[in-house]
Amino acid sequence: MDDLRDKYIDLIGAAGDEATLEDLRVQAVGKKGEISLKMRELGKMSPEERQIMGPKLNALKDEINAALAAKKAGLADAALNERLKAEWLDVTLPGRGRRSGTIHPVSQVWEECTAIFADMGFAVAEGPQIETDWYNFDALNIPGHHPARAEMDTFYMHRAEGDERAPNVLRTHTSPVQIRSMEAGGAPTRIICPGRVYRADYDQTHTPMFHQVEGLAIDKDISMANLKWVLEEFFSAYFGTAVKTRFRASHFPFTEPSAEVDIQCQWKDGSVKVGEGDDWLEVLGSGMVHPKVLRAGGIDPDVWQGFAFGMGIDRIAMLKYGIPDLRAFFDSDLRWLRNYGFASLDVPTIRGGLSR
Ligand code: DAH
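Procedures and definitions
- Residues numbered from 1 in each chain as written.
- Predicted model: local features only at pLDDT ≥ 70, side-chain atom pairs only at ≥ 80, totals over all residues.
- Heavy atoms only, no water.
- Near = heavy atom within 4 Å.
- Polar contact = N/O pair within 3.5 Å; in protein donor to acceptor, adjacent residues only side chain to side chain.
- Areas by Shrake-Rupley, 256 points an atom, 1.4 Å probe, with all protein chains shown as cover.
- Nonpolar A, V, L, I, M, F, W, Y, C, P; charged D, E, K, R; others polar.
- Domains from an automatic or database assignment.
- Phe/Tyr/Trp six-rings, centres within 6.5 Å; stacked < 30°, edge-to-face > 60°.
- Buried < 20%, exposed > 50% of the residue type's maximum accessible area, 1.4 Å probe, protein only.
- Pairing = 2+ DSSP bridges.
- Helix = DSSP H or I, 4+ residues; strand = E, 2+ residues; numbered from the N terminus.
- Salt bridge = Lys/Arg side-chain N within 4 Å of Asp/Glu carboxyl O.

### Observations regarding the site of the ligand
For step 1, the next point in the chain: Around the ligand sit 15 residues, and of these H173, Q178, R199, Q212 and E214 come closest.
For step 2, the next point in the chain: Note that a nitrogen atom of the ligand is positioned 2.9 Å from one of the side-chain N or O atoms of H173.
For step 3, the next point in the chain: In the complex, 91% of the free accessible area of the ligand, which totals 360 Å², lies under the protein chains.
For step 4, the next point in the chain: Looking at the shell around the ligand, its residues break down into four nonpolar, nine polar and two charged.

Here it is as C-alpha cells:
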C-alpha cells in the first residue's frame with residue numbers, strides 16, 4: 001500500500017498537464033483502477049483483516065483524490081500566470097475616437113422655428129404629404145383652371161384605370177394644413193406647420209422636395225400689424241439681431257390682401273449678412289386669410305379673421321448658416337454633413353452668410 005501511495009503521489013507531482021492528471025486518476029481510483037481493484041479484494045478478506053485494510057484503503061483513496069485536486073488547481077494557477085505574463089495591455093494608451101453623427105441643418109432650423117414660434121403661443125400642426133386636390137388647391141381658393149396649379153409643377157399620384165376622381169398630389173406647399181387644422185380645432189387658433197413639400201423643379205436653389213413652415217393665426221381682431229410684429233419678432237430671434245422686414249404687395253389666391261416679405265440684408269465680399277445694410281431678400285409669402293379659405297375650413301368669416309404665412313425652411317437655413325447650394329442638403333454626403341451638421345448639444349450661432 002505504501003508503494004502504491006508513493007508511486008501515485010510521485011506521478012501526480014510530476015504531471016505537466018490536465019490530460020496526464022486525468023489518466024492518473026483513471027489508473028488509480030477509476031472503476032478499474034489499482035486502488036479500486038484492491039478495495040474489491042476486501043470482500044475476500046477475513047473480518048479482522050478487513051477492519052485494518054478497509055480504513056487504510058479509504059484513506060489512501062482520499063489522499064490520492066486530494067493530491068489530484070491540489071495538482072489540478074496548481075496547474076490552472078500556473079496556466080493563468082503564464083497568460084498574465086504573455087498577454088498585457090497598456091491602459092494608458094489614448095482611446096480610439098468614435099465619430100458621432102450630426103444634426104442636419106434642416107432639422108436644426110426646424111427645431112429653432114418651432115421653439116421661437118412656441119414662445120409666441122403657436123402650436124405645431126401636421127398634415128399628410130400625399131394630399132387630395134381639395135386640400136392642396138380648391139379649399140385654398142385655387143380652382144381647377146387657376147394658373148397657380150400649373151405654376152406649382154405638381155407631382156400627381158396615379159389613379160386606377162376608370163377611377164374618375166381627381167388624382168391625389170404630393171403637397172406643393174404646407175398651406176393645406178391651414179384647412180385641416182381649422183377643421184380640427186376651429187377658431188381662435190394659432191399654429192405653425194413645418195413640413196416637407198414637393199415640386200418638380202431642380203437647380204441650385206430648387207429641389208423636388210424641400211421644407212416649408214406654415215403659420216396661421218385666427219381670432220376676432222387679428223390684423224396685418226400682428227403679422228408684421230410676429231414675423232419681425234421671429235426673424236430677430238432666429239438671426240440673433242434686429243431684422244427689419246419689407247412688405248411688398250403681392251397676390252396669392254388664399255390671402256387678401258397678400259404680401260411678399262423681404263428681410264433687410266447686406267451683400268459683402270460675396271456673402272450676405274442679414275439685419276444690416278439696405279438690400280432686401282425675399283423669404284416668404286403671407287397675407288390675411290381669404291374669407292373663402294376660412295369658410296372652406298368651417299370658420300365663419302363674418303366673425304373671425306386672421307393672417308397666414310409660408311416660409312422656406314431650407315432657404316432660411318442657407319441664409320443663417322452660409323450654405324450656398326440647396327441641392328447639397330439632400331445629397332447625404334458625409335463630408336457635407338460633418339461640415340454643416342450640428343452636435344446634439346450645439347448652441348446655434350450665426351456662421352457668416354450665403355455666398356453669391
Ligand atoms: N403657399 C405659398 C407657397 O408655397 C406660400 C404662402 C403664401 C403661404 C401666402 C401662405 C400665405 O400661408 O398666406 O408659395
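More follows now that the structure is in view.
### So, the domain arrangement of the chain
For step 1, the next point in the chain: Split into domains, the chain comes out as domain 1 (2–86) and domain 2 (105–340).
For step 2, the next point in the chain: Taking only C-alpha atoms into account, the centre of domain 1 sits 89 Å from that of domain 2.

### A look at the packing of aromatic side chains
For step 1, the next point in the chain: Scanning the entire structure with this criterion turns up 13 aromatic pairs.
For step 2, the next point in the chain: When the ring of F234 is compared with that of F235, the centres are 5.2 Å apart and the planes differ by 70 degrees; the resulting orientation is edge-to-face. Taken individually, F234 and F235 each receive the classification buried, so the pair is uniform in this respect.
For step 3, the next point in the chain: Geometrically, the ring pair formed by F252 and F254 is stacked, given 5.8 Å between the ring centres and 20 degrees between the ring planes. Across the pair, exposure class does not vary: F252 and F254 are buried alike.

### Considering the pairing of strand β6 (residues 245–252)
For step 1, the next point in the chain: With seven bridges joining them, β6 and strand β7 (residues 255–268) adopt antiparallel strand pairing. What sits directly across from R246, in β7, is D262.

### Focus: the pattern of salt bridges
For step 1, the next point in the chain: Scanning the model with the defined rule gives 18 salt bridges in all.
For step 2, the next point in the chain: Between D163 and R165 there is a salt bridge; the shortest N-O distance is 2.8 Å.
For step 3, the next point in the chain: Looking at R165, the relative accessible area reads 53%, which means it is exposed.
For step 4, the next point in the chain: Its salt-bridge partner being E260, residue R248 comes within 3.3 Å of it at the nearest N-O pair. Of this pair, R248 sits in strand β6 while E260 sits in strand β7, placing them twelve residues apart in sequence.
For step 5, the next point in the chain: You can call E260 buried: its relative accessible area is 19%.
For step 6, the next point in the chain: One salt-bridge network, in which partners are shared between bridges, spans R246, R248, E260, D262 and E282.

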